[in-house]
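# Observations on chain architecture
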Amino acid sequence: MPKISRRAARRSGQEERLQRVSSASSPATQRSGSPQEIEEERLQRVSTLSSSGSPQEFFQSLIRPLDLQEFFQRFWERQPLVLHRSDAALAGYYGSLFPLSGLRRLCARGLQYGTDINTCRCVRGQKRLLNRAGAVDFCLLERDFLEKKATIQFHQPQRFQDELWRIQERLECFFGCLVGSNVYITPAGAQGLPPHYDDVEVLILQLEGQKHWRLYEPTVPLAREYSLEPEGRIGAPTHDFILQAGDLLYFPRGTIHQADTPAGAGHSTHLTLSTYQNMSWGDLLLDLMPGCVFDRMKTDCELRTGLPRGLLTTPSISPAVSHQLSVFLRRLADVVDQQGQSLRSSSMRRDFISHRLPPFLQDPQLLQPVGGAPALQDTVSLRFKDHLLLTVEPSPDHTVIQAAAAVHVFTAALHHDEELHTAGVLITSDEATELLVYVLHSLRNRRDTHMMMGASDEDEDDEESQVGGLRFPLSHLEALQQLLVSDRVPVEDLQLQQEDKLNLLLALWSEGLLRVTGALENHH
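Residues numbered from 1 in each chain as written. Predicted model: local features only at pLDDT ≥ 70, side-chain atom pairs only at ≥ 80, totals over all residues. Heavy atoms only, no water.

Now for the overall build of the chain. If you tally the helices and strands in the chain, you get 17 helices and 22 strands. When burial is assessed residue by residue, the chain has 48% of its 524 residues classed as buried. Here the contacts in the chain between residues at least 6 apart in sequence split such that 81% fall between residues at least 24 apart. A total of about 26200 Å² of accessible surface is found on the chain, and carbon and sulfur atoms cover 52% of it. (Helix = DSSP H or I, 4+ residues; strand = E, 2+ residues; numbered from the N terminus. Buried < 20%, exposed > 50% of the residue type's maximum accessible area, 1.4 Å probe, protein only. Contact = heavy atoms within 4.5 Å. Areas by Shrake-Rupley, 256 points an atom, 1.4 Å probe, with all protein chains shown as cover.)

Below, the structure is given as structure tokens:
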């Protein structure tokens, strides 16, 4: 009997798993019941997708018939998933998200090559860019699509399509990180991109037509960067299948893939949703460790002692220096274990709140204060909790709230100790430390620049102004925590001095973050 390599054995196992999932994902074979019951379930799935349910409910509807637990245990960051559905209602909904017929209207909005649209084709394993200069003319775009077999890559369509804005806003709430998208429209018998892998988790929604996909074993599992891979290096595909309208594909970052539209099948349109870029444990360590070391240096004199002479000019690190560094790292690990509440995120959390989509509201007036101003007799609740970030940070040297880096102190300020340990310093009062509570939000973030990394220098300089926020004395933290974790809070129950309650609530209400949900009968 010929020997089978471990790679081939793994590939065979993956193919078997894929076949099991693909057959199980068909509602006709997965669910029992009458045709009417099956049809009602299908319509319910489409209704949930297109309704304003919770972020978790939305994602669950996206991956049905799989449930969330099975998806994250079996597939997330582990292996590809294909859901073949044969569901006309779902296919119709997918097809409405970005129809080819709507491209003419979008081109009339002044789209630019390179910024909004790329045209490309895979030729002999290489990507050939076919962009014209300047603004996109639909007639010329259509000619390149038909005559040059160009794939149209539409960047971040959620900027223009309201339903995609809603979908990605829900997904950003669910994952707690940025979600980008591209639409790929490829003519029959053509391929847009050569084999490659990405640094993001990918969800593919087949909107129109059909697409032939080939997936390959990763050369860099859970990759941190995009890279092309020559076909001679990647071997035979581990998965080979065709997506039809209404089908869904998921694969982890690092999965090598390529896709083409079969000849004679008409054009293909698919939506690529991407997330979890730079969202690993390693990225969190890169984010936390500089602040952790800086804070520890305030109280650990040994960390402040000078380096050996000539260390920076030696060609390599000596064993003695490596040993000393390991001692410091172990000491830092003990500090993190004992005082984890004082870890300070320097950029990841703030980057998310400042670049994510605003809430899906087609009427901007809904972001304004609602109802009457709060009074001491009222019951109140926070609005847009999914878009809020509560942090504790040192008072900045200047008065621009948005310029201070968001520093999260998990629960230390809620401990009613005489001495509060934060940022590596023992303190006894708000005045001594100048700590402030920040309520940051994304209510007024710009949808039109979402995930557009090629922004102008002026936009980059102005990006801080996109983040809305309020700041309060540290003594207001417990009351803010009450509002954040409760559906409704009577004002009289807020853990705050009576004279400060209205100031806090009026500030939140004026920002559009608070509503009055009830009042005593004698309150007018």
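Moving on, we come to empty space enclosed by the protein. Tallied over the full model, the rule gives four cavities of 30 Å³ or more. Each pocket or cavity is described by its volume, and for the second largest cavity that value is around 60 Å³. Those elements that place two or more of their residues in the lining of the second largest cavity are β16 (388-394) and α16 (477-485). For the lining of the second largest cavity, the leading source of residues is β16, giving three residues. (1 Å grid on protein atoms, 1.4 Å probe; cavity = no way out; pocket = protein on both sides within 12 Å on 5 of 7 lines; lining within 4 Å. Points joined across faces, edges and corners; volume = space filled by probe spheres on them.)

On to the pattern of salt bridges, then. In this structure the tally under the stated criterion is 18 salt bridges. Note that Asp162 and Arg447 form a salt bridge whose closest N and O atoms lie 2.9 Å from each other. In this pair, Asp162 sits in helix α9 (residues 162-175) while Arg447 sits in the loop between β19 (435-441) and α15 (457-461), placing the two residues 285 residues apart along the sequence. By relative accessible area, Arg447 is classed as buried at 16%. When the shortest N-O distance is used, the salt bridge between Lys298 and Asp295 registers 4.0 Å. A relative accessible area of 41% means that Lys298 is categorised as partly exposed. (Salt bridge = Lys/Arg side-chain N within 4 Å of Asp/Glu carboxyl O.)

Reading predicted coordinates in detail is not appropriate for stretches of low pLDDT. Across the chain, the average pLDDT comes to 84, with 79% of residues at or above 70. In the predicted structure, residues 1-31 sits below a pLDDT of 50 and forms 40 contacts with residues beyond four places in sequence or in another chain. Low pLDDT, under 50, characterises residues 398-433; the stretch is placed with 83 contacts to residues that sit more than four places away or in other chains. (pLDDT = per-residue confidence, 0-100.)

Inspection of helix α8 (residues 138-147) places Phe138, Leu141, Asp144 and Phe145 among the buried residues, and these make up the whole buried set. Relative to the axis of α8, the buried residues are bounded by an arc of 125 degrees and lie together on one face. Exposed residues pointing more than 90 degrees away from the buried face of α8 are listed as Leu146 and Glu147. On the buried face of α8, the contacting elements are α7 (103-107), β2 (117-123), β4 (151-155) and β5 (179-186). With a side-chain oxygen positioned 3.0 Å from the backbone nitrogen of Cys139, the residue opening α8 is Asp137. Lys149 sits one or two residues past α8 and shows a positive phi near 55 degrees. (Arc of directions from axis to C-beta. Polar contact = N/O pair within 3.5 Å; in protein donor to acceptor, adjacent residues only side chain to side chain.)

Attention shifts here to the pairing of β19. Here β19 lies mainly inside the structure; seven of its seven residues are buried. Taking every second residue as pointing to the same face, both faces of β19 are buried, with Leu435, Val437, Val439 and His441 on one and Leu436, Tyr438 and Leu440 on the other. Pairing geometry for β16 and β19, over seven bridges, is antiparallel. If you follow Leu388 over to β19, its bridge partner there is His441. (Pairing = 2+ DSSP bridges.)

With their axes 8 Å apart at the nearest point, helix α4 (residues 55-63) and α9 run at an angle of 110 degrees to one another. The angle between α4 and α9 falls in the class roughly perpendicular. In this structure, the crossing between α4 and α9 has a hand that is left-handed. The residues of α9 that touch α4, namely those facing Pro55, Gln56, Phe58, Phe59 and Leu62, are Arg166, Ile167, Arg170, Leu171, Cys173, Phe174 and Phe175. (Axes fitted to C-alpha atoms, helices over the stretch in contact; angles between N-to-C directions. Parallel < 35°, antiparallel > 145°, perpendicular 65-115°, else oblique. Left-handed = near helix turned anticlockwise from the far one by under 90°.)

A few words on the sheet that holds β16. What the three strands build is an open sheet, ordered β16-β19-β20; its pairing is antiparallel. Both edges of this open sheet fall to β16 and β20 (468-473), since each of them pairs with a single strand only. Adjacent strand axes in the sheet meet at a mean angle of 25 degrees when their direction is disregarded. Two strands pair when backbone bridges link them, and β19 and β20 are joined in this way by six bridges, in the antiparallel orientation. Across the sheet, residue Leu440 finds its bridge partner in β20, namely Gly469.

Relative to the elements of secondary structure, Asp287 occurs in helix α11 (residues 281-297). Look at Asp287: it is buried, it has no salt bridge, and the nearest opposite charge is Arg349 at 7.6 Å. Reaching out from Asp287, the side chain makes a polar contact with the backbone nitrogen of Ser347 at a distance of 2.8 Å. (Lys, Arg positive; Asp, Glu negative; His and termini not counted.)

Residue position: Ala375 is located in the loop between α13 (348-355) and β15 (378-382). Separated by 126 residues in the primary sequence, Ala375 and Lys501 have C-alpha atoms spaced 9.1 Å apart.

Each strand in a sheet pairs with its neighbour through backbone hydrogen bonds, running either in the same direction (parallel) or in the opposite one (antiparallel). If you trace the eight strands from one edge of the open sheet to the other, you get β1-β12-β8-β14-β5-β4-β2-β3, paired in antiparallel fashion. This sheet does not close on itself; its edge strands, each paired only once, are β1 (81-83) and β3 (126-129). Strand after strand, the sheet turns through a mean of 25 degrees between neighbouring axes, direction not considered. Summarising the sheet, strand β8 (residues 201-208) and strand β14 (residues 268-275) pair through seven bridges and their orientation is antiparallel. Paired with Ile204 across the bridge in β14 is Thr272.

We now examine unusual backbone geometry. Looking along the chain, the bond that leaves Arg64 and enters Pro65 is cis, with omega of 15 degrees. Note on placement: Pro65 falls in the loop between α4 and α5 (68-75). Phi angles above zero are rare outside glycine, and Glu77 is one such case at about 65 degrees. Structurally, Glu77 can be placed in the loop between α5 and β1. The backbone of Arg124 sits at a positive phi, close to 50 degrees, despite the residue not being glycine. For Arg124, the location among the structural elements is in the loop between β2 and β3. Judged by relative accessible area, Arg124 falls into the exposed class, the value being 75%.

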